[in-house]
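Observations on the model geometry
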Amino acid sequence: MILVTGATGNVGRHVLDLLVEDGRAVRVLTRRPQNAVWPAEVDVVAGDLADAASLGTALAGADTVFLFAVPGSGPGFVAAARQAGVRRVVLLSSGAVSDDDEVQDGPIASYHAEIEQALRASGLEWTFLRPDVFAANTLMWAGQTKSGDVVRGAYAEAAAAPVHEADIAAVAAAALTQDGHAGRVYELTGPESLTHAEQARILGEVLGRPIRFAELPAETVRQAMSAHVPAPILDGIFKVWSESVGRAAPTTTDVEKVTGRPARSYREWVLDRATAF
Ligand SMILES: NC(=O)c1ccc[n+]([C@@H]2O[C@H](COP(=O)([O-])OP(=O)(O)OC[C@H]3O[C@@H](n4cnc5c(N)ncnc54)[C@H](OP(=O)(O)O)[C@@H]3O)[C@@H](O)[C@H]2O)c1
């Protein structure tokens, strides 16, 4: 039995679909089972990764877990997973984590690194997925593209190698179901470095109308985002954006190495999600 956490999220919903398509016995853990429609063959259990005492039913009989990283949840999850007899864990970590730094740079890297550390010390088989920026982050532009052809945001020239959530999920599904991934850290990127302005241009090309990225002062955008993003996470996002101006984002071939097919481009991602815009 494979337990999928984060199954209502960008990545986890693809992980769930791939495992179901593959005929695997799957259970999901969610805080609100009633808020989603689930495939008939999936066992759905309520639980909260922030409360290890709530995980017993979800973990009972699970030998493999796709783990969403909830800040501070590492030690509690590891204790519950060991007690339940879990053997293998694939963690959705973050490309912000660095193995070179003794102290992680910022809160996003820190909390993912803490969960990685708990798993490294657990005696469980672990695989860490460290994605770069998700292509799905540009869904935050959808409200603007529905009402016009200009996307306003911070740092037009900030570059990333946006990764398709389906590619992260494909790597996860391989690591969950195949041997040979234990102790591996996969750095997952899209195939090319693109600035915000270039992503907006590609979005427009796929939608068939010219879409332009208009740069706003960082502080203005930060204020707007602060309504729904916690301050330490905002700090991390703005630090990454400001530091990636004028710098090509590195790309890796880990998606292809694990799945046998090259990482999908940002253009392919827009084609898959065009109706959202
Ligand atoms: N966005 C990026 O550019 C980026 C880049 C690198 C890494 N990441 C990492 O990727 C993750 C985001 O993945 P995503 O976009 O697929 O997720 P998402 O769409 O933000 O969805 C969050 C998922 O996590 C589950 N969840 C949240 N808190 C939970 C809790 N306390 N207990 C149980 N489940 C909980 C939610 O489940 P329910 O609501 O159903 O309970 C939901 O399925 C984060 O860890 C992020 O740091 C993101």
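Residues numbered from 1 in each chain as written. Predicted model: local features only at pLDDT ≥ 70, side-chain atom pairs only at ≥ 80, totals over all residues. Heavy atoms only, no water.

As recorded by an unreviewed UniProt entry, the chain carries the name Nucleotide-diphosphate-sugar epimerase and is attributed to Planotetraspora kaengkrachanensis.

Brief notes about the site of the ligand
Residues in contact with the ligand amount to 25 residues; listed here are only the nearest, T8, T30, R31, D48 and N137. G9 is positioned with one of its backbone polar atoms (N or O) 3.1 Å from an oxygen atom of the ligand. N137 is positioned such that a nitrogen or oxygen atom in its side chain is 2.8 Å from an oxygen atom of the ligand. Residue assignment for the shell around the ligand shows that the elements contributing at least two residues are helix 1 (10-21), strand 2 (26-30) and helix 4 (107-120). Considering only residue class, the shell around the ligand consists of 12 nonpolar, 9 polar and 4 charged. (Near = heavy atom within 4 Å. Polar contact = N/O pair within 3.5 Å; in protein donor to acceptor, adjacent residues only side chain to side chain. Helix = DSSP H or I, 4+ residues; strand = E, 2+ residues; numbered from the N terminus. Nonpolar A, V, L, I, M, F, W, Y, C, P; charged D, E, K, R; others polar.)

A closer look at helix 3 (residues 74-84)
The complete set of buried residues in helix 3 reads G74, F77, V78, A80 and A81. Buried residues in helix 3 make contact with helix 2 (56-59), strand 4 (64-68), strand 5 (88-92) and helix 4. Of the residues one or two after helix 3, G85 is the one with positive phi, at around 85°. (Buried < 20%, exposed > 50% of the residue type's maximum accessible area, 1.4 Å probe, protein only. Contact = heavy atoms within 4.5 Å.)

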